[in-house]
Amino acid sequence: MNTYQTNVYQELQLDALGDATRRAILARLLDGPLAVGELARHFPVSRPAISQHLRILKDANLVLDRAQGTRRLYALNPEGFDTLREYFDQFWSLALDAFKKKAEEHPSGTGGGTGGVVGDGVGGGAGAGARAGFPGSTE
């Protein structure tokens with residue numbers, strides 16, 4: 001998959017996850033594949049509404065469907081979640097790098113104040129914004 005396709009899927013995935021019903025559908029599918037009718041029984045919306053939510057999740061590459069007799073079964077798409085994880089990992093890596101940098105700037109025991117642990121809200125030092133390495137944060 002090329003970078004453009006990855007970015008498009010990530011945007012569609014984030015949009016799809018913005019809806020509470022779709023997130024709940026994904027949670028239901030954690031237990032395994034289900035048909036639309038089986039999913040609809042657990043929601044206060046119509047079966048056609050669930051079908052539309054599933055279409056959006058399928059377009060976002062978060063679910064797969066396959067025919068089984070006269071019905072379609074929907075299941076989570078691991079590859080779609082891998083793409084989403086890659087997206088969020090870039091932010092997690094940034095946060096970890098900022099934390100590491102701050103930890104290396106203030107070795108244990110030399111942070112001043114009352115000797116509190118970085119991030120515990122006690123003792124001398126900057127607030128959460130500065131600890132996270134956000135520019136211009138003083139609190």
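Residues numbered from 1 in each chain as written. Predicted model: local features only at pLDDT ≥ 70, side-chain atom pairs only at ≥ 80, totals over all residues. Heavy atoms only, no water.

Helix and strand content of the protein chain: six helices and three strands. What you see in the protein chain, going N to C, is helices and strands ordered as α-α-β-α-α-β-β-α-α. The burial tally for the protein chain puts 25% of its 139 residues in the buried class. Look at the contacts in the protein chain between residues 6 or more apart in sequence, and 48% of them connect residues 24 or more apart. When the accessible area of the protein chain is evaluated, it comes to approximately 9,500 Å², of which 54% is carbon and sulfur surface. (Helix = DSSP H or I, 4+ residues; strand = E, 2+ residues; numbered from the N terminus. Buried < 20%, exposed > 50% of the residue type's maximum accessible area, 1.4 Å probe, protein only. Contact = heavy atoms within 4.5 Å. Areas by Shrake-Rupley, 256 points an atom, 1.4 Å probe, with all protein chains shown as cover.)

In this section: the sheet that holds strand β3 (residues 71–76). Pairing is antiparallel across the open sheet formed by three strands, whose spatial order is β1-β3-β2. Two strands lie at the open edges of the sheet, namely β1 (34–35) and β2 (63–68), each paired on one side alone. In this structure, β2 lies alongside β3, joined through six bridges in antiparallel fashion. Each bridged residue has a counterpart across the sheet, and for Asp-65 the counterpart in β3 is Tyr-74. Sitting on the sheet, helix α2 (residues 20–29) touches β1, β2 and β3, and the angle it makes with β3 is about 90 degrees. (Pairing = 2+ DSSP bridges. Axes fitted to C-alpha atoms, helices over the stretch in contact; angles between N-to-C directions.)

What follows concerns the confidence of the model for the protein chain. Per-chain confidence: the protein chain averages 80 in pLDDT, with 72% of residues scoring 70 or above. With pLDDT under 50 throughout, residues 120–137 is counted as low confidence; its partners more than four residues away or in other chains account for 26 contacts. (pLDDT = per-residue confidence, 0-100.)

Given a rise of 1.5 Å per residue, 13 residues ought to cover 18 Å, and the 18 Å separating the end C-alpha atoms of helix α4 (residues 47–59) matches this to within 8%. Listed in full, the buried residues belonging to α4 are Ile-50, His-53, Leu-54 and Leu-57. Down the axis of α4, the buried set is contained in an arc of 100 degrees. They therefore lie on one face. Turned more than 90 degrees away from the buried face of α4 sit Pro-48 and Gln-52, all of them exposed. Directly beyond the C-terminal end of α4, a positive phi value near 70 degrees is found at Asn-61. (Expected span 1.5 Å × (residues − 1). Arc of directions from axis to C-beta.)

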